[in-house]
Each structure stands twice: as C-alpha cells, then as structure tokens.
Amino acid sequence: MNFFSLSSKGKWEDLKKATRPRLKELKFSFNRIRKSPLSLVGFSLIILFALIALMAPYLAPPKYPHNPYQIPRYGYSATPKPPSQTNFFGTTEGQYDIYYGVVWGTRTAFRIGFMVVGTILLIGIILGSISGYYGGVVDEIIMRVVDTFMSLPTLILAMALVTALGHSLDNVMKALIIVGWPAYARLIRGDILSVREEQYVEAARAVGCSDFFIITKHVLPNAIYPLLIMASLDIGAMVLTAAALSFLGLGAPVGYADWGQMISFARNWIVGPPGNPLAYWYTVAIPGLFILLFVLGWNLLGDAFRDILDPKLRRR
Amino acid sequence: MKTLLEVSRLKKYYPILGGVFKKPVGDVRAVDGVNLKIYRGECLGLVGESGCGKTTLGKTILRLLEPTFGHIYFDVPQKVKNNISQIETSNNSPPQQLSKLTRKYDLAVFKKGQLKSIRRRMQIVFQDPSASLNPRMLIKNIVGEPLQVHRLVGAGDLRNKVLSLLYRVGLTEDHLFRYPHEFSGGQRQRIAIARALATNPDFIILDEPTSALDVSVQAQILNLLQELQRDFSLTYLFITHHLLVVEHISDRVAVMYLGKIVEMASTEELFTHTLHPYTQALISAIPLPDPTAQKKRIILKGEVPSPINPPSGCRFNPRCSYADKICRQIEPPLKDVGGGHYVACHKAEKLN
Amino acid sequence: MTEKILEIKELKTNFYTYEGVVKALDGIQLEVNQGETVGLVGETGCGKSVTSLSILRLILPPGRIEKGKIIFKLKQQSRFKDNYVDLLSQSEKFMRTIRGNEISMIFQEASSALNPVYTVDEQISESFLLHQKSQLYQEAIREIDQEINQARISWKKRTLGLEKTIFQALLNNQTSLPAKILGFLPGGWKYRGRIKRQARKKSIEILAQLGIANPENIVDRYPHELSGGMQQRVVIAMALACNPNLLIADEPTSNLDVTIQAQILDLIRDLKRKFKSSVLFITHDLGVVAEMCDRVAVMYAGNICEIAEVKELFRNPLHPYTKALLNAVPRGGKTKLESIEGNVPNLINPPSGCRFHPRCALALSVCSQVNPPLLERAKEHFLACHYYGEKNK
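As the structure is a prediction and not an experimental result, all values here were calculated from the model.

### Looking at unusual backbone geometry
- With an omega of 10°, the peptide bond between C:Pro61 and C:Pro62 qualifies as cis.
- Along the chain, the position of C:Pro62 falls in the loop between helix H1 (48-55) and strand E4 (63-73).
- At B:Asp75, a residue that is not glycine, the phi angle is positive and equals roughly 55°.
- Locating B:Asp75 in the fold gives a position in the loop between strand E4 (69-74) and helix H2 (78-89).
- Given the relative accessible area of 27%, B:Asp75 is considered partly exposed.
- Here the phi dihedral of C:Asn243 falls at roughly 50°; this positive angle occurs in a residue that is not glycine.

Written as structure tokens, this is what we have:
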C-alpha cells in the first residue's frame with residue numbers, strides 16, 4: 001500500500017522484499033508469453049508500430065513543420081503514381097505521399113486507440129463500480145442508460161453523432177467514446193457484483209473501511225482484469241471503426257495523415273484499367289496492410305493478456 | 001460477572017421477492033428472536049447445523065448484515081438497558097425519548113461513524129482464510145489495514161506494529177512481504193487472527209475458524225486462540241458446528257435450531273445434563289475418536305425444515321420423538337431451569 | 001484367510017506443474033481384503049484423493065502415474081488368471097468397463113457430483129445402461145412375455161413377438177451393429193423406452209434399498225430439489241447401482257451436518273453388510289474412522305506411515321505422526337490439545353529421508369537420509385519408522 005511510510009532504517013530492505021513477490025509474478029507472466037508464439041508476434045507487432053510512431057519525424061521528415069500531420073503532395077494529378085525513388089510507396093489520388101501518410105498515420109492510430117479506450121475505461125470503471133457496488137436505484141438508472149445505448153447499432157450511432165458534431169478527428173473520437181463506454185460499464189459491473197460478495201470484502205467492512213477504500217483497494221484490483229483484456233482487444237477495434245468512419249468521409253480533414261483516409265483516397269483505384277486490374281494495388285494494399293497488422297497485433301496481445309491475467313488459467 | 005454484549009429479541013429476515021414488481025411474498029427467518037448475553041472474558045460457543053442461522057447471527061451482531069428487529073447492546077450499562085425496555089413497554093412515553101436513547105446505545109441502529117468506532121472493539125475471524133484475505137494484497141498491508149483505517153499508528157510505526165502482531169500469532173518477519181496464496185491454510189488463519197487483533201479489540205466473533213483446517217493445524221489454532229484470550233483478556237463468540245471443539249474451548253454453550261436458541265448452559269452442564277431432545281441427538285451423533293466407545297445413538301428422522309415456513313409450535317416437533325399436542329401448538333419459551341441452564345422445551349422437566 | 005481384493009504396490013504419481021514436479025504419491029503400499037473397510041486418513045494434501053483417483057486411473061494431465069502396480073480382483077469371469085488384473089497395464093477402454101461397475105466412487109461434494117440438468121432417475125440409470133445391458137434385456141424380454149400373455153388381439157401379439165426376437169438378438173450379441181443403429185433410429189425409441197423403463201425400475205429399487213421413503217417420487221426430481229443428505233444418498237445409490245466389488249468413499253460426509261452424517265454413516269455400514277462390498281474410506285476425521293473402519297492406513301505427505309487394525313491403532317499408535325494426530329483431536333473436556341509444530345511440507349521439494357522428520361521430536365540422524373520402509377512390527381501392524389526399529393533392536 002505504502003512502503004514510503006516505513007521507518008527509514010529498513011526502508012530499502014523492505015522495498016526490495018516487497019518487490020520480490022511482484023517480480024516473481026512478472027517472471028511467471030513472461031514465461032507464459034514465451035510459451036505462446038502468437039503472443040510474441042503480437043508483442044513484436046505492437047513494439048514495431050510504437051517505434052514507427054516514435055520515430056516518425058526521422059522516418060518521414062515533415063514538409064510543413066508547424067503541421068506535421070499534413071501529408072505532402074507531389075503534384076495535383078488525380079492518377080496515383082507507383083513507388084519510386086522519391087515516393088517509397090508511391091502516391092495516391094491527388095499525389096499525396098503514401099509513405100508519409102502511413103508513417104504519420106501510425107501516430108494518429110495510437111492516439112485514437114489510447115485516447116478512446118482510455119476515456120472509455122475511466123467512464124466505464126467509475127459508472128460500473130458505482131452501479132455494481134451500491135446497486136438499487138442508482139444501478140437501475142445507469143443500467144437502463146446502458147441498455148439504451150446498446151440497443152442502437154454502434155457504427156450507425158457513431159456516424160450520426162459525427163454528423164451532428166461536425167466532421168473532424170476529435171469528433172470521431174468523441175463519438176467512439178459515447179458509443180463505447182456502455183459495454184465497459186456493464187462488464188465491470190458484473191465482475192464487481194461477484195467480487196462484492198467475496199469474504200475479504202466483508203472482512204474489510206468488518207475492519208471499518210470506508211466504501212471508497214473498499215472499492216479502490218479490495219474490489220477493483222480483483223475485478224478489473226477482464227476489463228483490461230477487453231481494452232487491449234478494443235484498441236485495435238476502435239482504430240478499425242475510426243478508419244471506417246474516415247473511409248466514409250466523416251473523419252479527418254482532407255490530407256490529414258490517417259489510415260482510414262488513405263484508404264478513402266484509394267476508393268476509385270481499387271480496380272485498375274481493363275487489362276491491368278492490379279495497376280494501383282499500392283494505394284489500397286499498403287494502408288490496408290498497416291491497419292490489418294495493427295489490429296492483429298492488438299488482438300494477439302489481448303489474447304496474451306488473457307493468458308496472463310485470467311485467474312482461471314493461472315495456477316494456484 | 002459483567003455483561004459485555006447483550007442481544008435482545010434480535011431478528012434477521014431475508015425478504016423473498018416475487019413477481020414482476022419484486023414485492024415481498026415471504027421471509028426467510030434466518031434469526032428469529034434471539035436473546036443472548038455474553039459476559040466479559042468468557043468464550044460462548046454457538047452450535048448448530050448449517051442453515052440454523054448461527055453465522056447470520058454473528059454477522060448481524062457486527063452489523064455486517066442489517067438486523068430486521070431487536071437490540072444489540074455492546075458494553076452498555078444495565079441501567080440504560082432497563083430504561084430502554086421500560087420505555088418500550090410503557091405506552092404513554094414519547095417516541096423521541098426512546099429513539100434518543102437507542103441512537104446512542106443500541107448498536108442495531110448505529111450510524112456509519114458510530115459503527116466505525118465500535119468496530120475497533122469488535123472483530124471477526126471468518127471460516128475460510130483463503131477467501132477472507134484479499135489475494136492481491138501483501139500480508140503487511142492486510143494486517144496493517146485496520147491500523148491505518150482507524151489511524152492507530154503513525155506512518156513510521158506501522159511496520160513494527162504489524163511485525164509484533166505477526167510474531168504474536170507465530171509468524172515471522174519473512175512473511176511480511178508475501179501474498180496470501182503462498183501460505184498454508186493454518187498460516188492464513190493466523191494472518192486473519194492477526195488482522196482481527198490489530199485494533200486491540202475487546203470482543204472477537206470466531207465464525208468457524210477451524211472448520212477449513214486439518215486436525216493438527218486446528219489444534220495449533222485453538223491453542224493460539226486460548227493463549228490470546230488469556231493474554232489480551234478477550235471475549236469470544238465461537239460459532240461452530242463441531243461439538244468437540246466447542247466442548248474444548250467454550251465456557252458456555254448455546255445451541256441454535258432454525259433461527260432460535262433452544263438450549264444454553266455452561267459447557268459441563270450442557271454435556272452432562274443435556275435437556276433439549278435436539279441437543280441430545282446432536283451430542284449422540286458426534287463420531288468419537290475411540291473405536292471402543294459404547295454409544296447409544298439417536299438418529300434423527302428427516303431434515304431441517306425450511307426457515308421460510310417453520311413448523312408451528314416448537315420448531316423441533318416434527319423430528320422430536322417426545323413431541324405431543326402442546327409441542328405442535330405452543331412455542332416453548334427459553335427459560336431458566338436453574339443454575340443458568342436455559343432450555344426451550346415443554347418436556348424439559350419430564351426429561352430431566 | 002480372506003482374499004485380497006485390491007493390492008497397491010509401490011505406486012508413484014507425480015504432477016508436472018510450472019513450479020516443479022509435485023511428488024504426490026511416493027511408493028504407496030496398501031491392501032484391501034474382501035468385505036473389509038479400510039480407512040485412509042491424513043491431512044489435506046497428503047495424497048488421499050490422489051490415491052483414489054490413481055486406482056481408477058482418473059489422474060488428468062499434468063498428473064501422471066509413474067510406476068507401481070494396482071492389482072484388483074474382478075467380480076465377473078474374465079480372461080485373467082484368478083480374475084486378478086493389474087489396472088495400470090490395461091487399456092483405457094478396459095478401464096471404462098471397470099469404473100462404476102467393478103470400482104465405484106462416492107464423492108465428497110454431492111451437489112457437484114450430480115449433474116443439475118438430469119433427474120435422479122436419469123443419473124442412476126446411466127450406470128445400468130452402461131454396465132448391465134444384458135440384465136436389462138433379460139428383464140425386457142420377461143416383460144414382453146407377460147404382455148404377450150395378456151394381449152388379446154393377434155396382431156399385437158405378433159408385434160410383441162417381433163420385439164422379443166429383437167431383444168433376444170441383442171442379448172446374444174450386445175455389441176452388434178444393429179444394436180447400435182437401433183438406438184438412433186426413430187423406430188428405436190420404443191426399444192430404448194423399454195430399456196429405460198427397466199433401468200428406472202432398478203433405480204427405484206436401489207433407492208428403496210437405501211431406505212428412502214417413496215423412491216417413486218424422488219426419482220423424478222432434479223438434484224437441486226433435494227437436501228444435502230438426500231443428494232449424498234443419490235450419489236451413494238449411483239455408486240452402488242452395479243454392485244461394485246470395491247467402493248471408494250472420498251470424504252462422503254465431510255460436508256454434512258453431524259446429525260445427517262450419522263444417518264449417512266449408518267447407511268453406508270448397512271449397505272456394506274447387504275452388498276458385501278469392500279470399502280476404501282477416505283477421510284480426515286478420526287472420529288469417523290473409529291466408527292466405520294476395520295483397518296486404518298495413515299498417510300503423510302505422499303507416504304503411508306502406519307497401517308493397523310482400528311482398535312490397535314487407536315490404543316497403540318506407533319508412528320510419531322499418528323500419535324501426534326490422535327493427541328490433536330479434541331475429545332471433549334478441557335485437556336490441552338497437542339499440536340504438531342510446523343507445516344505440511346511442500347511436495348515439490350519434500351524433505352529427504354522420512355518426510356516427517358523435520359516435524360518429528362524423535363528424529364534420528366538416519367531419518368533425514370533414508371526413507372523408512374513399511375514393515376510389519378507387530379501382528380498386522382505395519383509401520384514406516386526408523387525410531388521404532390532402533391528402539392526395539
């Protein structure tokens with residue numbers, strides 16, 4: 001809870017002792033990952049993407065330093081150009097550089113994933129905890145709101161919201177947050193309902209702990225893991241939905257580095273001229289591949305997390 | 001002897017909700033009008049079969065469950081208790097006067113702040129130590145939690161205080177930074193006992209503390225509990241279904257059947273002059289660890305009836321071989337038959 | 001000399017876990033004679049249940065039976081010499097004919113041993129349908145004969161006659177293809193119905209033998225509609241359905257109240273007399289052992305440390321662990337309980353030599369080096385302890 005409050009004498013020793021059991025757990029987790037090659041693939045993919053996102057200014061130096069997310073154009077012709085010396089992955093419709101787009105788009109993808117899922121997680125945990133721990137009328141109200149949201153199709157609701165709020169990437173994220181939180185609130189509520197009945201929670205009440213203390217110290221740490229697994233799976237899914245909205249023209253402004261928009265540019269060039277149907281393959285295949293690998297990476301990582309965190313699969 | 005805890009006419013009903021609008025259609029009468037006195041420094045054993053309401057009674061006393069009706073007095077002068085019952089029985093006194101008194105003295109209606117301060121003095125040890133310790137907390141934090149919640153020690157002293165508690169229950173410094181799953185059942189129960197001792201309470205409810213443990217470990221824990229009782233002058237309510245354990249550890253024993261206390265006496269008196277037919281059957285059913293023992297076993301017919309529709313009259317009458325008309329009609333009161341031996345049976349005098 | 005029904009020799013079972021190899025059973029020796037109740041006593045994690053699961057070969061991965069012999073006497077005629085068979089060398093298919101038929105098991109938790117979606121009848125009938133097909137066919141044929149006698153209309157007689165020939169064919173060759181197909185055909189319903197009716201009759205019969213009032217009523221209930229004691233009775237009925245040679249009772253009364261426990265123990269005692277089965281009674285409750293068993297084996301950390309007749313064991317325990325265990329039981333009265341210091345060892349790194357030596361007050365230097373063999377120290381009193389040997393040299 002707080003090893004910083006210990007007497008200074010044995011502080012360092014205690015800190016070492018306190019970390020040892022945690023290290024043991026960590027070692028066990030890594031062992032689990034090592035044994036499943038698919039989780040390794042997931043990890044490497046996500047690390048690769050993270051590196052691309054971090055190194056973006058070096059991999060693709062921005063042409064407009066004040067607005068690095070604006071994809072540079074190499075002319076104004078509509079017809080895409082194939083990969084060349086200047087454009088590694090070629091250019092897409094309107095001569096936007098595909099390479100620059102996918103590299104800086106990685107940053108956008110991470111931003112969408114983390115922002116959306118992080119916010120959803122926060123809202124879900126707060127509302128779900130209140131709902132699950134207190135029950136009664138509060139629970140009834142929150143759950144009926146959740147029902148209302150979940151009765152509408154996700155993508156359509158998101159589209160409607162973006163249309164109402166105005167086309168921009170921020171509004172896409174807002175819409176995804178509004179659409180996404182109910183599932184999280186419901187999931188954690190269920191887990192809290194079962195953890196609430198555990199005897200150590202009752203023991204904590206007998207000790208005299210306050211409700212807030214019980215929720216944060218006893219209930220949440222034992223109920224949150226399924227939610228974290230779902231969140232890691234959802235980062236990929238949210239990026240996919242955002243890409244879908246961008247593809248439909250509801251997302252980022254024209255020329256903004258975003259994978260969904262890259263695919264949207266390729267809309268007219270999926271099939272090439274007669275006799276050479278694959279002439280413009282790079283316009284759709286390259287951003288598509290990035291989205292595919294990103295989502296795949298998070299899904300594999302989510303599975304790995306489930307292996308590590310699921311108490312049913314753990315020894316003990 | 002001074003009374004530490006008095007429970008008077010305590011009831012705990014669980015409503016059964018039915019229909020679309022969740023209207024109460026009946027009650028599970030888990031605890032149905034229990035009167036109990038626990039004297040300072042004694043160990044009262046509470047025995048009964050599963051579903052008789054003994055655990056519910058324990059938890060209701062601690063207000064982990066909300067009582068439906070009744071009073072719980074913890075360390076309240078006799079004068080005040082008399083006063084309250086006087087006001088209750090007289091019809092013409094104003095209700096404000098009563099509520100003013102109960103709010104101050106009756107644990108059954110305490111508010112959150114009062115409860116927190118009283119829980120410093122009353123603690124509980126649960127049956128299954130693997131379930132009652134948070135699996136994601138280190139031992140130091142589990143044992144230190146009550147100290148922090150009640151702000152009993154300064155931040156610097158926490159470690160030493162926790163350590164002294166661990167030593168007291170037979171654990172060492174090595175155990176301070178471990179998770180509960182790294183311990184054996186007996187050690188976990190020691191940790192739970194250390195946690196209960198942390199606030200230096202007067203009264204501890206032991207809810208089947210040894211039922212999940214092996215015989216040799218059970219002996220360790222029972223010995224430890226007796227030592228602690230002596231050293232800290234603790235008062236115990238020892239809830240169990242195991243009669244031999246109760247005989248070993250308790251000064252007095254109360255036997256519960258279907259939400260009511262049917263017999264209560266000092267341990268020796270209860271085991272030698274058993275009066276209630278249910279207690280007799282219970283005692284005769286214990287398998288004794290002695291293959292040569294000659295036993296006359298009373299085997300009870302049937303099962304414990306449902307506490308939703310308890311039998312009319314004496315609740316034990318459908319299974320009792322002595323039952324007659326009066327037992328089926330009138331519920332016997334728990335009355336003193338001499339020497340602090342209470343029994344709720346119409347036939348008690350005859351059986352004696 | 002009564003004949004042996006089960007003989008376990010040098011049984012070793014390991015569990016391969018992440019932390020290491022758990023040596024759950026370390027060379028168990030045990031015998032069960034015909035008509036005898038042998039108690040297997042020990043604390044949690046000493047390997048009592050692993051022993052029972054090993055006998056039935058129900059150890060699941062990561063567990064594995066490493067070596068040893070489990071010699072069992074079959075009740076039915078078989079190709080084996082004197083009907084003795086080593087269960088560990090047999091195929092899984094053969095084991096399926098053993099489980100529930102020759103050896104059956106009563107589990108600790110009746111509520112989870114019963115499948116909540118089937119009625120009592122369906123669960124008890126299952127073992128009849130699996131192991132006693134021929135008897136069911138015979139009964140069915142007898143029933144058809146009666147119906148033929150009663151039938152007035154000639155075509156009905158004829159269809160019944162046809163049915164009878166089918167059953168006779170099935171009786172002669174149970175594993176024939178037509179028998180298997182018949183069960184799945186729509187017309188087979190009638191045939192299955194008749195068989196099921198027979199099984200149901202037998203289920204009611206066995207419940208009645210267990211002393212359950214109006215078994216016809218109980219048979220159609222679902223497990224959750226029964227009380228704990230009644231559920232345990234149903235589990236016992238399932239175990240006894242095929243009149244097994246050996247009944248393994250794994251803590252059958254641990255979850256029951258004393259008054260119900262008394263009922264169930266009485267029942268098991270009666271049934272043992274009636275069915276003449278041998279019982280391997282696994283428990284941690286020394287009181288139950290004293291009441292139920294003829295002989296007792298005491299287990300500690302995967303080893304058997306003492307075997308003796310029950311009276312002998314309680315009067316004259318020789319192993320320090322047994323002594324300590326007996327002194328730790330509350331027997332009524334206020335005498336201080338003696339406890340065994342320390343904890344049950346971790347079976348991944350068990351103590352060398354005698355596994356009890358770190359907690360033993362009498363330990364000699366040899367105890368930490370050599371695992372003591374199980375030797376007959378007095379008449380019918382087996383002991384695995386160096387100290388006793390040294391003392392009585």
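Having put the structure on the table, let's press on.
### A word on the interface of chain B and chain C
- At the junction of the two partners, chain B supplies 39 residues and chain C supplies 43 residues.
- Applying the counting criterion to the chain B and chain C interface returns 0 salt bridges.
- The tally of links from chain B across to chain C stands at 7 residue pairs in polar contact (both at pLDDT 80 or more).
- Among the elements of the structure, helix H9 (215-232) and helix H10 (243-249) of chain B are those that each provide at least two residues to the side of chain B that touches chain C.
- If you tally residues by element for the side of chain B that touches chain C, the top one is H9(B), at 8 residues.
- For the side of chain B that touches chain C, a count of residues per class yields 16 nonpolar, 13 polar and 10 charged.

### Section: a nonpolar patch on the surface
Residue and element names in this part refer to chain A.
- The grouping of Ile 47, Leu 51, Leu 54, Met 55, Tyr 58 and Leu 59 at the surface amounts to a nonpolar patch, some 640 Å² of accessible area in total.
- Residue position: Tyr 58 is located in helix H2 (residues 37-59).
- According to the relative accessible area criterion, Tyr 58 is exposed, its value standing at 66%.

### Some points on the pairing of strand E9 (residues 260-266) of chain B
Residue and element names in this part refer to chain B.
- The buried fraction of E9 amounts to 5 of the 7 residues, a majority that puts the element mostly inside the structure.
- Here strand E8 (residues 252-257) runs beside E9; their pairing, made up of 6 bridges, is antiparallel. Within E9, the residue paired with Ala 254 across the bridge is Met 264.
- Relative to strand E11 (residues 342-343), E9 runs antiparallel, the two sharing 2 bridges. When the sheet's bridge partners are listed, Met 264 is paired in E11 with Tyr 342.

### Considerations on the side chain of B:Ser8
- Assignment of secondary structure puts B:Ser8 in strand E1 (residues 3-18).
- Leave out the neighbours within four places in its chain, and B:Ser8 touches B:Val34, B:Asn35, B:Gly70 and B:His71.

### Some thoughts on the nonpolar core
- Membership of the largest hydrophobic core comes to 142 residues, with the highest contact counts inside it found for B:Ile193, B:Phe238, C:Ile124, C:Leu210, C:Ile236 and C:Phe281.
- Take this core: its biggest share by element is 9 residues, from helix H11 (residues 258-275) of chain C.
- Not counting chain neighbours up to four residues away, the residues in contact with B:Ile193 comprise B:Val125, B:Val169, B:Ile221, B:Leu224, B:Leu225 and B:Leu228.
- Of all hydrophobic cores here, the second largest spans 81 residues; its members include A:Ala60, A:Leu157, A:Ile192 and A:Ile235.

### So, the pairing of strand E6 (residues 203-207) of chain B
Residue and element names in this part refer to chain B.
- Across the 5 residues of E6, 5 count as buried, placing the element largely inside the fold.
- Side chains Phe 203, Ile 205 and Asp 207 of E6 all project onto a buried face; the interleaved residues Ile 204 and Leu 206 project onto the opposite face, where all are buried too.
- Pairing of strand E5 (residues 122-125) with E6, which is carried by 4 bridges, proceeds in the parallel orientation. Within E6, the position partnered with Val 125 by the bridge is Leu 206.
- Note on the crossover from E6 through H9 to strand E7 (residues 235-240): the handedness is right-handed.

### Some thoughts on the pattern of salt bridges
- Evaluation of the coordinates by the stated rule reveals 39 salt bridges over all chains.
- Here B:Arg315 and B:Asp32 are joined by a salt bridge, their closest N and O atoms 2.5 Å apart. Remark: B:Asp32 occurs in strand E2 (residues 23-39) and B:Arg315 occurs in the loop between helix H12 (277-284) and helix H13 (325-329); sequence separation between them is 283 residues.
- Assessed through its relative accessible area of 6%, B:Asp32 is described here as buried.
- A salt bridge links C:Asp26 to C:Arg355; the nearest nitrogen and oxygen atoms lie 3.5 Å apart. Within this pair, whereas C:Asp26 is found in strand E2 (residues 21-33), its partner C:Arg355 is found in the loop between helix H14 (320-328) and strand E11 (375-378), the two being separated by 329 residues in sequence.
- One salt-bridge network, in which partners are shared between bridges, spans A:Glu140, A:Arg144, A:Asp147 and A:Arg186.

### A word on the packing of helix H7 (residues 199-207) of chain A against helix H8 (residues 211-223) of chain A
All names here are of chain A.
- For the pair H7 and H8, the least separation of the axes is 10 Å and the interaxial angle reads 175°. Taken together, the axis directions place H7 and H8 in an arrangement best described as roughly antiparallel. Each of Tyr 200, Val 201, Ala 204 and Arg 205 in H7 lies in contact with H8, whose residues at this interface are Ile 214, His 218, Val 219 and Asn 222.
- In terms of residue class, the contact of H7 with H8 is built from 5 nonpolar, 2 polar and 1 charged.

### Some details on the domain arrangement of chain A
Residue and element names in this part refer to chain A.
- Domain parsing of chain A yields domain 1 (1-35) and domain 2 (38-314).
- The gap between the C-alpha centroids of domain 1 and domain 2 is 32 Å.
- Contacts between the two partners involve 7 residues from domain 1, matched on the other side by 9 residues from domain 2.
- Taken together, the links from domain 1 to domain 2 amount to 0 salt bridges.
- The interface formed by domain 1 and domain 2 holds 0 residue pairs in polar contact (both at pLDDT 80 or more) in total.

### Remarks on the packing of aromatic side chains
All names here are of chain A.
- Counted according to the given criterion, the structure contains 25 aromatic pairs over all chains.
- Aromatic side chains Phe 49 and Phe 294 sit 5.3 Å apart centroid to centroid with 85° between the ring planes, which places their arrangement in the edge-to-face category. Of this pair, Phe 49 sits in helix H2 while Phe 294 is found in helix H11 (residues 281-309), placing the two residues 245 residues apart along the sequence. Note on accessibility: Phe 49 and Phe 294 belong to one class, buried.
- Look at Trp 259 and Phe 290: their rings are 5.8 Å apart centre to centre, the planes differ by 65°, and that puts the pair in the edge-to-face class.

### Some remarks on the sheet that holds strand E7 (residues 246-250) of chain C
All names here are of chain C.
- Spatially, the 8 strands line up as an open sheet ordered E6-E7-E8-E3-E9-E10-E12-E11, and their pairing is mixed. Unpaired on one side and paired on the other, strand E6 (103-106) and E11 mark the two borders of the sheet. Neighbour-to-neighbour, the strand axes of the sheet open up by a mean angle of 25°, direction not taken into account.
- The pairing of strand E10 (residues 303-309) with strand E12 (residues 381-383) spans 2 bridges and is antiparallel. Directly across from Ile 307, in E12, lies its bridge partner Phe 382.
- Where helix H10 (residues 228-240) meets the sheet, it contacts E6 and E7, and its direction lies at approximately 175° from that of E6.

Analysis parameters
All residue numbers refer to positions counted from 1 along the written sequence of the respective chain. Lettering of chains starts at A and numbering of ligands starts at 1, both following the order in which they are written. Residue-level local features of this predicted model are given only where pLDDT is at least 70; pairs of side-chain atoms are given and counted only at 80 or more, and the full residue set underlies all totals for whole chains, interfaces and linings. Calculated side-chain values reflect all of the structure's heavy atoms, with hydrogen atoms and water omitted. The helix count covers DSSP runs of H or I at least four residues long, the strand count covers runs of E at least two residues long, and both are numbered beginning at the N terminus. Residue exposure (1.4 Å probe, protein chains only): buried if accessible area is under 20% of the type maximum, exposed if over 50%, otherwise partly exposed. Throughout, a residue-residue contact means that at least one pair of heavy atoms, one from each residue, lies within 4.5 Å. Throughout this description, the term salt bridge denotes a Lys or Arg side-chain nitrogen within 4 Å of a carboxyl oxygen of Asp or Glu. Within 3.5 Å is the distance limit for a polar contact, defined as a pair of N or O atoms, with the added protein rule that one can donate a hydrogen and the other accept it, and that residues adjacent in sequence qualify only through two side-chain atoms. Ten residues, namely Ala, Val, Leu, Ile, Met, Phe, Trp, Tyr, Cys and Pro, are considered nonpolar, four, namely Asp, Glu, Lys and Arg, are considered charged, and the remaining ones, Gly among them, are considered polar. Patches were defined on residues exceeding 30% relative accessible area and lacking a salt bridge, with like-charge contacts within 9 Å and nonpolar side-chain contacts (Val, Leu, Ile, Met, Phe, Trp, Tyr) within 5 Å. Working definition of accessibility: Shrake-Rupley area with a 1.4 Å probe, residue cover restricted to the visible protein chains. Two strands make a pair as long as DSSP finds a minimum of two bridges between them. In plain words, nonpolar cores are sets of buried Ala, Val, Leu, Ile, Met, Phe, Trp, Tyr and Cys residues tied together by side-chain atoms within 4.5 Å. By convention a crossover is right-handed if, when the strands point away from the viewer, the path from the first strand over the helix to the second runs clockwise. A fitted line through C-alpha atoms represents every axis, and for helices the fit uses only the stretch in contact; the resulting angles, taken between N-to-C directions, go from 0 to 180 degrees. Roughly parallel here means an angle under 35 degrees, roughly antiparallel means over 145, roughly perpendicular means 65 to 115, and every remaining angle is called oblique. Bear in mind that the domain bounds are from an automatic or database domain assignment. Pairing of aromatic side chains requires ring centres within 6.5 Å, counting the rings of Phe and Tyr and the six-membered ring of Trp. Pairs whose planes differ by under 30 degrees are stacked, by over 60 edge-to-face, and all others tilted.

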